[in-house]
Amino acid sequence: MTIDVAILGASGYTALELAKILLRHPNARVVAVTSRDEEQPAMADVHPSLTGRLDLRCEPFDPDTIAAKAQCVFCALPHGASMAAVRDLLARGVRVIDLSADYRLRDPNVYAEWYGASHADTENLEHAVYGLPELWADEISKARLIANPGCYPTSAILGLAPLLAAGDLIDPKGIIVDSKSGVTGAGRTPKLMTHFPECNENVEAYNVGWHRHTPEIEQILSDVSGTGVEVIFTPHLIPMDRGIFTTSYAPLQRTVDEKQLLEIFRDFYRGKPFVRVIEHLPATKDTVGSNFLDVTVRVVRQRAVVMSCEDNLLKGASGAAVQNFNLMFGFPETTALL
Ligand SMILES: NC(=O)C1=CN([C@@H]2O[C@H](COP(=O)(O)OP(=O)(O)OC[C@H]3O[C@@H](n4cnc5c(N)ncnc54)[C@H](OP(=O)(O)O)[C@@H]3O)[C@@H](O)[C@H]2O)C=CC1
Ligand SMILES: CC(=O)N[C@@H](CCC(=O)OP(=O)(O)O)C(=O)O
């Protein structure tokens, strides 16, 4: 079986990664890519690494045209811009995997509070499934709309979920999440913060106390633990192209050692092909270019110290999106991703 797919936001980084993965997918055919560029450039001119591999021109987004061509659409647009396109595609019977943040927060009031704009598609918001396959594979397989997770939330949630699922092991209100991201995490669209002389040879924290991924991490971890989780989330921009490294600190409420914690992680992720529970300390270089998330844990002064890392553009975005696509259409979860 072959599924015809389209990618919106063709000139972006996650769109390029989607194209590269889907080109090697035996059950997917990329039939359309869209861009606002009125010149309608060839995809290989927008992304020279696709030369000779994808012979498509970027087209303007028209929901009727895309729905006539594609059964599934990967929406790689910025949040805010995404929901109008998603709504129009769902109305035409297309299944959508949205890489933006538009459908991740269940409560539209929380969305308005953290994103500074009201949600324009609350009807579909109700039916969106948060696309973290390690937690909700069954729901994903039946979903018409996937809210693909944010890159930071994937690393934090997968690092903390095993501890929160283990009853009263950690204090759900005492968690600190410290993350570092490479610059592709900010997208291809230029910004002052990602201008070379600003970010080269520089490390900086940003949006401390009010980063929009805070409510996303809290919502999902609260679902996992069954109680209200609070986190202090501090993101940093570091001078590398790709990769996220997250260290999470959680007060332990029971006396456990590292061996026992690692066993909890191994049990939780048994049969999950893209989470590697490791004993050594992780490094972004071990996951960049792959769909793996590496995670390990230490006990220091009665706190669990969890370290997790991933490629922000793959496990943190496009790789996870294809993992979701595989589950939605009944293909083996690892297709095109190993
Ligand atoms: N980068 C990352 O690591 C991650 C990104 N994400 C999310 O995935 C989505 C895509 O990210 P990424 O590829 O990095 O972003 P980019 O900025 O690299 O690309 C987004 C593309 O969307 C199009 N676009 C920009 N603004 C608008 C607009 N107002 N209306 C319609 N189209 C627009 C542009 O394409 P064109 O000019 O061709 O129209 C642009 O190249 C975003 O929502 C992002 O937050 C999620 C997880 C990780
Ligand atoms: C380094 C950097 O700027 N990262 C982005 C997060 C990227 C991501 O996952 O964003 P979405 O929630 O939009 O999908 C940020 O902090 O806003």
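Every chain begins its residue count from 1, and numbering advances along the sequence as written. Chain labels run from A onward and ligand labels from 1 onward, assigned in the order the entries are written. Local features in this predicted model are restricted to residues whose pLDDT is 70 or higher, and side-chain atom pairs enter the listing and the counts only when it is 80 or higher, whereas totals over whole chains, interfaces and linings include all residues.

### With respect to the site of ligand 2
Here, nearness is defined through the C-beta atom: a residue counts as near a molecule or strand if that backbone-placed atom lies within 6 Å of it. As a structural note, the neighbourhood of ligand 2 is formed by His79, Ser100, Ala101, Gly150, Cys151, Tyr152, Ser181, Gly185, Ala186, Pro235 and Leu237. Helix and strand assignments come from DSSP, with helices taken as H or I runs of at least 4 residues and strands as E runs of at least 2, each series counted from the N terminus. Contributing elements (two or more residues each) for the shell around ligand 2: α8 (151-164) and β10 (231-237). Here the residues of the shell around ligand 2 are counted per class, giving six nonpolar, five polar and no charged. Each domain's extent is set by a domain assignment, obtained either automatically or from a database. Both domain 1 (3-127) and domain 2 (151-312) contribute no fewer than three residues apiece to the shell around ligand 2. Classes in brief: Ala, Val, Leu, Ile, Met, Phe, Trp, Tyr, Cys and Pro nonpolar; Asp, Glu, Lys and Arg charged; the others, Gly included, polar.

### Things to note about the nonpolar core
Core analysis: the largest hydrophobic core is formed by 93 residues, its most contacted members being Ile7, Val73, Phe74, Cys75 and Leu160. Counting residues per element, this core draws most heavily on α8, which supplies nine residues. Counting contributing residues per domain, this core is built from domain 1 (3-127) and domain 2 (151-312), each supplying no fewer than three. Those residues in contact with Leu160 that sit more than four places away from it in its chain are Ile175, Leu221, Ser248, Ala250 and Val306. Think of a nonpolar core as buried Ala, Val, Leu, Ile, Met, Phe, Trp, Tyr and Cys residues, each tied to the set through C-beta atoms within 7 Å. Each residue is classified by how many other C-beta atoms fall within 10 Å of its C-beta atom, where C-beta atoms are placed from the backbone; a count of 20 or more means buried, 12 or fewer means exposed, and values in between mean partly exposed. Any two residues are considered in contact once their C-beta atoms, placed from the backbone, lie within 7 Å.

### Looking at the site of ligand 1
The immediate surroundings of ligand 1 are formed by 28 residues, with Gly9, Gly12, Ser35, Ser100 and Gly187 found nearest. For the shell around ligand 1, the secondary-structure elements that each account for two or more residues are α1 (13-23) and α12 (314-328). Taken together, the residues of the shell around ligand 1 sort by class into 11 nonpolar, 14 polar and three charged.

### Some remarks on the sheet that holds strand β9 (residues 204-205)
If you walk across this open sheet you meet the seven strands as β9-β10-β8-β11-β14-β13-β12, and the pairing is mixed. Since the sheet does not close on itself, it has two edges, and those belong to β9 and β12 (275-277), each with one partner. Two strands pair if DSSP finds at least two bridges between them. Looking at chain direction, strand β8 (residues 175-181) and strand β11 (residues 244-251) are connected through six bridges and run antiparallel. In the strand pairing of β11, Ile176 is matched with Tyr249. Sheet strands touched by α8: β8, β10, β11, β12, β13 (293-300) and β14 (303-310). Its angle to β11, the strand with the most contacts, is close to 35°. For helices, the fitted axis covers only the stretch in contact; all axes are lines through C-alpha atoms, and the angles between them, taken along N-to-C directions, range from 0 to 180 degrees. Across the face of the sheet, helix α11 (residues 258-269) comes into contact with β12, β13 and β14 while running at roughly 155° to β13.

### Section: helix α4 (residues 82-91)
Along α4, the residues that are buried comprise Ser82, Met83, Ala85, Val86, Leu89 and Leu90. Buried positions in α4, seen along its axis, are confined to an arc of 160° and lie on one side of it. Buried residues in α4 make contact with β1 (3-8), α3 (63-69), β4 (72-75), β5 (95-98), α6 (122-125) and β7 (145-147). Phi for Gly93, located one or two positions after α4, is positive at around 85°. The directions from the helix axis to the C-beta atoms form the arc being described.

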